[in-house]
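Structure at a glance
Residues per chain, in single letters:
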Amino acid sequence: MKKRQIVNIINFIRACEPREEVDLVESVREQLRLMREHALPGTFLLQYDALLREDIVTLLKQEACGDFEYGVWLEIVEPQVRAAGIPWRGRFAWDWHANTGFSVGYTPKERERLIALLFEKFWEIFGYYPKSMGSWIIDAHSLRFASERYGIVASCNCKDQWGTDGYTLWGAYYNQAYYPAKNNAFCPAGTKEGQIGVPVFRMLGSDPIYQYDMGLDVGTGAVKVQGVVTLEPVYAGTTGGGGVPEWVDWYLKENFNEKCLAFSYTQAGQENSFGWRRMKDGLIDQFEKLARLRDAGTVAVEPLCESGRWFQDSFPLTPATTMVTESDWANNGKQSVWYNCRRYRANLLCEGNEFRLRDLYLFDENYRERYLEEVCTSHVLQYDNLPVIDGNRFSGHGVLAGLFAACGGERLHFDGMVYEELSADTAKVTLTNTQIGDFVIVFSPNTLTFFCGADFALLEIHDPQAEGVPACLVEEKNLSFVHRGFPYAVRLSCGRAVQEGWGYRIDSVQGRVVLEF
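Below or above, wherever it landed, is the structure these notes cover. (Residues numbered from 1 in each chain as written. Predicted model: local features only at pLDDT ≥ 70, side-chain atom pairs only at ≥ 80, totals over all residues. Heavy atoms only, no water.)

A short note on the overall build of the protein chain
Broken down by element type, the protein chain carries 10 helices and 31 strands. For 517 residues, the compact-globule estimate of 2.2 N^0.38 gives 24 Å, and the C-alpha radius of gyration of the protein chain, at 23 Å, lies within 12% of that figure. Scored against the burial criterion, the 517 residues of the protein chain give a buried share of 62%. Residue pairs in contact within the protein chain that sit at least 24 positions apart in sequence constitute 67% of those at least 6 positions apart. Accessible area for the protein chain stands at about 18400 Å²; split by element, carbon and sulfur atoms hold 49% of it. Where the 51 positive side-chain charges of the protein chain centre and where its 68 negative ones centre are 3 Å apart. (Helix = DSSP H or I, 4+ residues; strand = E, 2+ residues; numbered from the N terminus. Rg over C-alpha atoms; globule rule 2.2 N^0.38 Å. Buried < 20%, exposed > 50% of the residue type's maximum accessible area, 1.4 Å probe, protein only. Contact = heavy atoms within 4.5 Å. Areas by Shrake-Rupley, 256 points an atom, 1.4 Å probe, with all protein chains shown as cover. Lys, Arg positive; Asp, Glu negative; His and termini not counted. Charge placed at Lys NZ, Arg CZ, Asp CG, Glu CD.)

Here it is as structure tokens:
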């Protein structure tokens, strides 16, 4: 059966850009024109201050039609805060610092007032409440309030990144969408009772190979502020991005290859504050390509609210997804498989004839986000989940972090990678012709299985000086971790773990290791 492959064009609208002089209306007008030209539906999300701009509102009302969805963008601005009777602490009328520009910078009750003002202002202008609400990050209290009070059906948040613009979002669903936990907006819930029933779609179209390690120097360690390799049309550097036509061709081909389990997804578009000149060439290129893919039946281009309703109708709980990348646009011989489910996410990275599990984060709906009830008082914010393996943050001082397969003291090498889907939620990757035969990894909702025709070992390696490495107690059948005071564990239903150096080793039993979550 053909997989559903979704593109949301999401352009969000600010009415203030203090960093440079930009025509904020021109960007919106040209985006609307270009989308009409290609008959591409999409979503425009308005910040509170944009609702106060008569020129922006008039333009949107003139262009209103069934193809365009209007929703809200939850960055907090001065007129909104003052209307709520809260002192404004920002440097400008819109301030991107976390403690002023985002919901986490306010108490839960203040968040409710600010959201109510936003939704009521939208109603006053358009005569209905919006069905979609997005932001770089929205805390769980605010998402739940908007869902229960105003009935939103979809939300979106920023890609995984470290420190970019002051926002660290690390260790969640790498792509597609999830139902957030009531305790943590960045964590997929494990149960119906523990979830907010509004799917959150991951924005920006991250490069599945290179964004994760952006800026990493194994000699000196991970950077404090990552760069960007995404589908955003303003990024056109040598590392790729949405302003590089060759990268866009590669990204669309790899992302929409139907090797995705539940569905494939990406978000296109750009906020108006970058200005039309900077986004124009990339958007023109992308929208032409998206229209061709739409016409060929490869993708469905639709507003965010439609994707949200489809997700709610199709999945009572967060579905398992994969993102399989079998070629490397930079010709460095890299391949990647991302697997996401309600219990964990994992990433297999192949480079040349070498491979490692680059990433493994666990999800637990009881792990509370930092800002569920507390106020963010810093200009930076951080959301995360429960680390087990982190090939970026735990690398440094000449150590490349990850989980490596070995036999007889030698790391395994392979000839080729073969991806298969065993069921709706289970994927199998075969790494062919290693020194001990084909090496197989099976990703399933509760287990991660490694097996081969001979015994092997899995070697966990990290830089002992890296920040954020969780405390770990290694027992034969259990790996017990603590992160931010929260305990969690990986159980071995097959295999034996032993402490080895700064990491640990897992020895197979009859050629098999099974990790349970």
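A few points about the nonpolar core
L381, F439 and F450 are the most contacted members of the largest nonpolar core, which totals 173 residues. Per element, the largest residue contribution to this core is eight residues, and it comes from helix α6 (residues 108-126). Every residue in contact with F450, bar those within four places of it in the chain, is listed here: L357, L403, F439, V440, I441, F456, L458, G511, R512, V513 and L515. (Core = buried A, V, L, I, M, F, W, Y, C linked by side-chain atoms within 4.5 Å.)

What to know about the pairing of strand β5 (residues 154-157)
Side-chain alternation along β5 places A154 and C156 on one buried face and S155 and N157 on a second face that is also buried. Relative to β5, strand β4 (residues 132-134) runs parallel, the two being bridged by three bridges. The residue of β5 that forms the bridge with S132 is A154. After leaving β4, the chain enters helix α7 (residues 140-150) and then returns to the sheet as β5, a path that is right-handed. Here β5 runs beside strand β10 (residues 200-202); their pairing, made up of three bridges, is parallel. Among the inter-strand pairings, C156 is bridged to a residue of β10, identified as F201. (Pairing = 2+ DSSP bridges. Right-handed = clockwise from strand over helix to strand, strands pointing away.)

Some thoughts on the sheet that holds strand β28 (residues 486-494)
Here we have eight strands laid out as an open sheet, ordered β21-β22-β23-β24-β31-β28-β27-β26, and antiparallel in their pairing. Edge strands, defined here as strands with exactly one partner in the open sheet, are β21 (416-423) and β26 (471-475). The sheet shows a mean angle of 15° between the axes of neighbouring strands, taken without regard to direction. Pairing geometry for strand β24 (residues 447-451) and strand β31 (residues 512-516), over five bridges, is antiparallel. Counterpart to F451 in the pairing with β31 is R512. (Axes fitted to C-alpha atoms, helices over the stretch in contact; angles between N-to-C directions.)

Regarding the packing of helix α8 (residues 245-255) against helix α9 (residues 276-295)
With their axes 10 Å apart at the nearest point, α8 and α9 run at an angle of 30° to one another. As far as their axial angle goes, α9 and α8 are roughly parallel. The handedness of the crossing between α8 and α9 is right-handed. For the pair α8 and α9, contact is made by P245, V248, D249 and L252 and by D285, Q286, K289, L290 and L293, respectively. (Parallel < 35°, antiparallel > 145°, perpendicular 65-115°, else oblique. Left-handed = near helix turned anticlockwise from the far one by under 90°.)

Examining the packing of aromatic side chains
Taken as a whole and assessed by the stated rule, the structure comprises 44 aromatic pairs. Seen from the ring of W96, R91 lies directly overhead, with NZ or CZ sitting 4.6 Å from the centre. Note that R512 overlies the ring of F451, its terminal NZ or CZ placed 4.8 Å from the centroid. (Phe/Tyr/Trp six-rings, centres within 6.5 Å; stacked < 30°, edge-to-face > 60°. Lys NZ or Arg CZ within 6 Å of the ring centre and 35° of its normal.)

Focus: the pattern of salt bridges
Taken as a whole and judged by the stated rule, the model has 33 salt bridges. A salt bridge links D55 to R53; the shortest N-O distance between them is 2.9 Å. Of the residues examined, R53 reaches a relative accessible area of 26% and is grouped as partly exposed. E351 is paired through a salt bridge with K334; the nearest N and O atoms lie 4.0 Å apart. Here E351, found in strand β15 (residues 344-351), pairs with K334, found in strand β14 (residues 334-340); they are 17 residues apart in sequence, far enough to count as distant. One salt-bridge network, held together by shared partners, links D160, R202, R345 and D359. (Salt bridge = Lys/Arg side-chain N within 4 Å of Asp/Glu carboxyl O.)

Let's talk about α8
Of all the residues in α8, the buried ones are W247, V248, W250, Y251, L252, E254 and N255. Buried residues in α8 make contact with β1 (4-13), β11 (263-268), α9 and β13 (321-325).

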